[in-house]
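Residues per chain, in single letters:
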Amino acid sequence: MPVRHEYFVTRAVPGWHAGLPVLRVPDLRLYVRAEGPGILCGGWEPDGLSLDPRQVAIGQPLAVPPDWDVLSGFADDFARLAPPVTQAEVREVFRGFPAFSPDGRFIVGPVPGLRGFVMAAACNAHGVSGSAGLAQHVLESLQPDPSGYVQSLSPARYVPRTWDWESARAQAEAIYENYYGLPQPHS
Ligand SMILES: Cc1cc2nc3c(=O)[nH]c(=O)nc-3n(C[C@H](O)[C@H](O)[C@H](O)COP(=O)(O)OP(=O)(O)OC[C@H]3O[C@@H](n4cnc5c(N)ncnc54)[C@H](O)[C@@H]3O)c2cc1C
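Within each chain, residue numbers correspond to sequence positions counted from 1 in written order. With the structure being a predicted model, the display of local features is reserved for residues of pLDDT at least 70 and the display and counting of side-chain atom pairs for 80 or more, all residues being used for whole-chain, interface and lining totals. Hydrogens and water are ignored here; the side-chain numbers use all heavy atoms of the structure.

Helix and strand content of the protein chain: four helices and seven strands. Only DSSP runs of H or I covering at least 4 residues are called helices, and only runs of E covering at least 2 are called strands; the numbering of each starts at the N terminus. Moving toward the C terminus, one meets the helices and strands of the protein chain in the order β-β-β-β-α-β-β-β-α-α-α. Considered along the principal axes of its C-alpha atoms, the protein chain spans approximately 55 × 45 × 35 Å. Only protein chains enter the calculation, and the probe is 1.4 Å; a residue is then buried if its accessible area is under 20% of its type maximum, exposed if over 50%, and partly exposed in between. Counting across all 187 residues of the protein chain, residues that qualify as buried make up 36%. Sequence separation of 24 or more characterises 72% of the internal contacts of the protein chain that already satisfy a separation of 6 or more. Only four residue types enter the charge count, namely Lys and Arg as positive and Asp and Glu as negative; His and the chain termini do not. Taken as the charge centre is NZ of Lys, CZ of Arg, CG of Asp or CD of Glu, depending on the residue. Mean positive and mean negative side-chain charge positions of the protein chain (14 and 19 charges, respectively) differ by 5 Å. Residues are treated as being in contact if the distance between any of their heavy atoms lies within 4.5 Å.

Here you go:
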């Protein structure tokens, strides 16, 4: 399910440089780092915005306008720790609709019933950092005896379809909204 994600990059802010660490502020749902001499600030909206994939035109670029209410909310939140962020001019906004799965896990492996069709999808907004591992999982999924973990990522968990679009969408949004949330203890 596509769930929107955005971050902004500011022009130079005194004191910011590439040697600074990446910050994650789970209580504010924010991540921040220096981008050159500017500030890169992104976050996880408490009320995520998803799309119904059936309504998205295949092969067409998806226009994603910056949502300034959301972005300035990230800046206001981060200003509690670094006040200059709200005065800095925004240089660029990155945004898109990364794909989330209803259970927050990758979907990797051959699709049952579609011979030769192999998935590596539902990256849950960590497809860049997870790419090397994903590639290994794809290869392993094609071997005769994949590990239990790789088997657990199989598209087979969604085939045959026992799910409905609206619930899957709501669950994927919840995965996005709770990206920095602590796992709930099992009852
Ligand atoms: C603002 C933002 C910040 C992010 N930050 C991070 C981050 O810091 N770290 C991280 O790990 N991940 C991050 N992500 C998530 C990461 O970008 C995704 O998880 C990753 O790109 C997913 O890879 P993918 O190959 O599954 O899909 P995509 O990267 O979406 O690739 C799908 C490709 O398929 C093409 N395509 C679509 N339809 C067709 C068609 N019909 N025929 C042919 N080609 C088609 C598209 O043009 C696209 O190139 C971020 C995402 C966003 C939006």
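Further notes follow.
Here the focus is the sheet that holds strand β5 (residues 90–96). At least two bridges found by DSSP between two strands are what make those strands a pair. Taken together, five strands build an open sheet; the order of strands is β2-β3-β4-β1-β5 and the sheet is antiparallel. Bordering the open sheet on either side are β2 (23–25) and β5, each of which pairs with just one other strand. Adjacent strand axes in the sheet meet at a mean angle of 15° when their direction is disregarded. Here six bridges tie strand β1 (residues 5–10) to β5, and the two strands are oriented antiparallel to one another. Looking across to β5, one finds that E6 is bridged to R95. Inter-axis angles, ranging from 0 to 180 degrees, are taken between N-to-C directions of lines fitted to C-alpha atoms, where helices are fitted over the stretch in contact.

Here we come to the site of the ligand. Lining the immediate surroundings of the ligand are 14 residues, of which A125, H126, G127, V128 and S129 lie closest. Within the backbone of A125, a nitrogen or oxygen atom sits 3.2 Å from a nitrogen atom of the ligand. For the ligand, whose unbound accessible area comes to 990 Å², protein coverage reaches 41%. Among the elements of the structure, β1 and β5 are those that each provide at least two residues to the shell around the ligand. The element best represented in the shell around the ligand is β5, accounting for three residues. Class assignment of the residues belonging to the shell around the ligand gives a composition of seven nonpolar, six polar and one charged. Near, as used in this document, describes a residue that has one of its heavy atoms within 4 Å of the molecule or strand being considered. Any pair of nitrogen or oxygen atoms within 3.5 Å is treated as a polar contact; in protein, a donor-acceptor pairing is required on top of that, and neighbouring residues in sequence qualify only through side-chain atoms on both sides. What sets the accessible areas is the Shrake-Rupley method with a 1.4 Å probe; for residues, cover comes only from the shown protein chains. Under the scheme applied here, ten amino acids are nonpolar (Ala, Val, Leu, Ile, Met, Phe, Trp, Tyr, Cys and Pro), four are charged (Asp, Glu, Lys and Arg), and all others, including Gly, are polar.

Turning next to the domain arrangement of the protein chain. For the purposes of this description, domain bounds are those given by an automatic or database domain assignment. What the domain assignment lists for the protein chain is domain 1 (5–96) and domain 2 (107–162). For domain 1 versus domain 2, the separation of C-alpha centres amounts to 30 Å.

With that out of the way, let us pick up the pattern of salt bridges. Each reported salt bridge corresponds to a side-chain nitrogen of Lys or Arg within 4 Å of a carboxyl oxygen of Asp or Glu. Enumeration over the complete set of coordinates arrives at eight salt bridges. Residue E89 pairs with R11 through a salt bridge whose shortest N-O separation is 3.4 Å. Linking E89 in the loop between α1 (68–79) and β5 with R11 in the loop between β1 and β2, this pair joins segments that are 78 residues apart in sequence. What makes R11 partly exposed here is its relative accessible area of 42%. In this structure, E35 engages R33 in a salt bridge whose closest nitrogen and oxygen atoms are separated by 2.6 Å. The exposure class assigned to E35 is partly exposed, which follows from its relative accessible area of 27%. Salt bridges linked by common partners bring R4, E6, E45 and D67 together as one network.

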